[in-house]
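Coordinate inspection notes
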Amino acid sequence: MKNKTKKSRMKLLMFGRDFKPDERVILRDYLAIERTRLANERTLLSYIRSSLYLLLGAIAFFQLKEFSNFRYLALTALIFSAIFFIIGVYRFLLLKKSLKKVYYSSEDMISEKD
């Protein structure tokens with residue numbers, strides 16, 4: 001029972017997939033897919049960070065009661081914050097879907113060969 005729990009914990013800590021060598025998908029190609037996946041995640045975090053900075057700026061502009069002209073700037077920052085977040089999530093999901101398609105199609109070619 002203790003071994004089973006330990007294995008399930010180790011499975012949770014594994015982020016990547018196991019690589020099985022093949023002449024169609026070599027290690028270099030597998031690593032390129034993994035680098036692209038990590039770059040996609042990094043780009044999503046960048047979009048989220050930019051969105052949060054714009055949100056914080058909008059909140060700060062809303063706090064300035066003496067300057068009524070900044071209200072429009074705050075609304076603009078809020079709109080762009082939402083747009084950045086939506087674009088970031090959309091691009092992340094789009095690339096993730098295409099990477100899965102490429103990765104799984106290469107795995108299907110491996111299984112068809114066997």
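Along each chain, numbering runs from 1 in the same order as the chain's sequence is written. For this predicted model, a pLDDT threshold of at least 70 governs which residues receive local features, and a threshold of 80 or more governs which side-chain atom pairs are given and counted, while totals over whole chains, interfaces and linings are taken from all residues. Excluding hydrogens and water, the side-chain figures rest on all heavy atoms present in the structure.

**Looking at the overall build of the protein chain**
Worth spelling out the cut-off: Runs of H or I in DSSP of at least four residues are treated as helices and runs of E of at least two as strands, each being numbered from the N terminus. Only protein chains enter the accessibility calculation, which uses a 1.4 Å probe; a residue is then buried when its area is under 20% of its type maximum, exposed when over 50%, and partly exposed in between. The contact rule is simple, with two residues in contact once any of their heavy atoms fall within 4.5 Å. Surface accessibility follows the Shrake-Rupley procedure with a 1.4 Å probe radius. Residue values consider only the protein chains on display as shielding.
The helix and strand inventory of the protein chain stands at three helices and zero strands. Along its sequence from the N terminus, the protein chain presents helices and strands in the succession α-α-α. Per-residue burial over the protein chain gives 16% buried out of 114 residues. Summarising the internal contacts of the protein chain: among those between residues at least 6 apart in sequence, 60% fall at separations of at least 24. With an accessible surface of roughly 9600 Å², the protein chain has 65% of that area assigned to carbon and sulfur atoms.

**Overview of the packing of aromatic side chains**
For clarity, the cut-off: Planes of paired rings set the category: under 30 degrees apart is stacked, over 60 is edge-to-face and the rest tilted, where pairs are Phe, Tyr or Trp rings (Trp by its six-membered ring) whose centres lie within 6.5 Å.
In this structure the tally under the stated criterion is two aromatic pairs. Among the aromatic side chains, those forming a connected cluster through ring pairs are F61, F67 and F70.

**A few points about the pattern of salt bridges**
Applied cut-off: Just to be clear on terms, a salt bridge is a Lys or Arg side-chain nitrogen sitting within 4 Å of an Asp or Glu carboxyl oxygen.
In total, this model carries two salt bridges according to the counting rule given. Among the ionic pairs, E34 bridges to R37, the shortest N-O distance being 2.7 Å. Here R37 and E34 lie together in helix α2 (residues 27-63), a separation of three residues that amounts to about one turn. The partner of E41 in a salt bridge is R37, and the shortest N-O contact between them spans 3.1 Å. Here E41 pairs with R37, and both are found in helix α2, just four residues apart, close to one helical turn. One connected set of salt bridges, linked through shared partners, spans E34, R37 and E41.

**Some remarks on α2**
Residues three or four positions apart in an α-helix share a direction because the helix packs 3.6 residues into each turn. Quick note on the threshold: Helix span, expected: 1.5 Å multiplied by one less than the number of residues in the helix.
Between its terminal C-alpha atoms α2 stretches 54 Å, which fits the 54 Å expected from 37 residues at 1.5 Å a residue. Among the residues of α2, those classed as buried are Y30, I33, E34, N40, L44, Y47, S51 and A58.

**Section: a nonpolar patch on the surface**
In plain terms, the rule: Patch construction takes residues with relative accessible area above 30% that form no salt bridge. Like charges are linked within 9 Å, and nonpolar side chains (Val, Leu, Ile, Met, Phe, Trp, Tyr) are linked within 5 Å.
Together, L52, Y53, L55, L56, I59, Y72, L75 and L78 line one region of the surface with nonpolar side chains, adding up to about 810 Å² of accessible area. Looking at the nonpolar patch, the elements that each hand over two or more residues are α2 and α3 (70-113). Per-element accounting of the nonpolar patch gives the leading share, five residues, to α2. Along the chain, the position of I59 falls in helix α2. Given a relative accessible area of 42%, I59 falls into the partly exposed group.

**A closer look at the side chain of S81**
Relative to the helices and strands, S81 resides in helix α3. Residues within four places of S81 in sequence aside, it is in contact with S51, L54 and L55.

**So, the confidence of the model for the protein chain**
Spelled out, the test is: The predictor reports its confidence for every residue as pLDDT, a score running from 0 up to 100.
A residue-level look at the protein chain finds 68% of positions with pLDDT of 70 or above and a mean pLDDT of 79. Across the protein chain, element-level confidence peaks in α2 with a mean pLDDT of 91 and bottoms out in helix α1 (residues 2-13) with 54.

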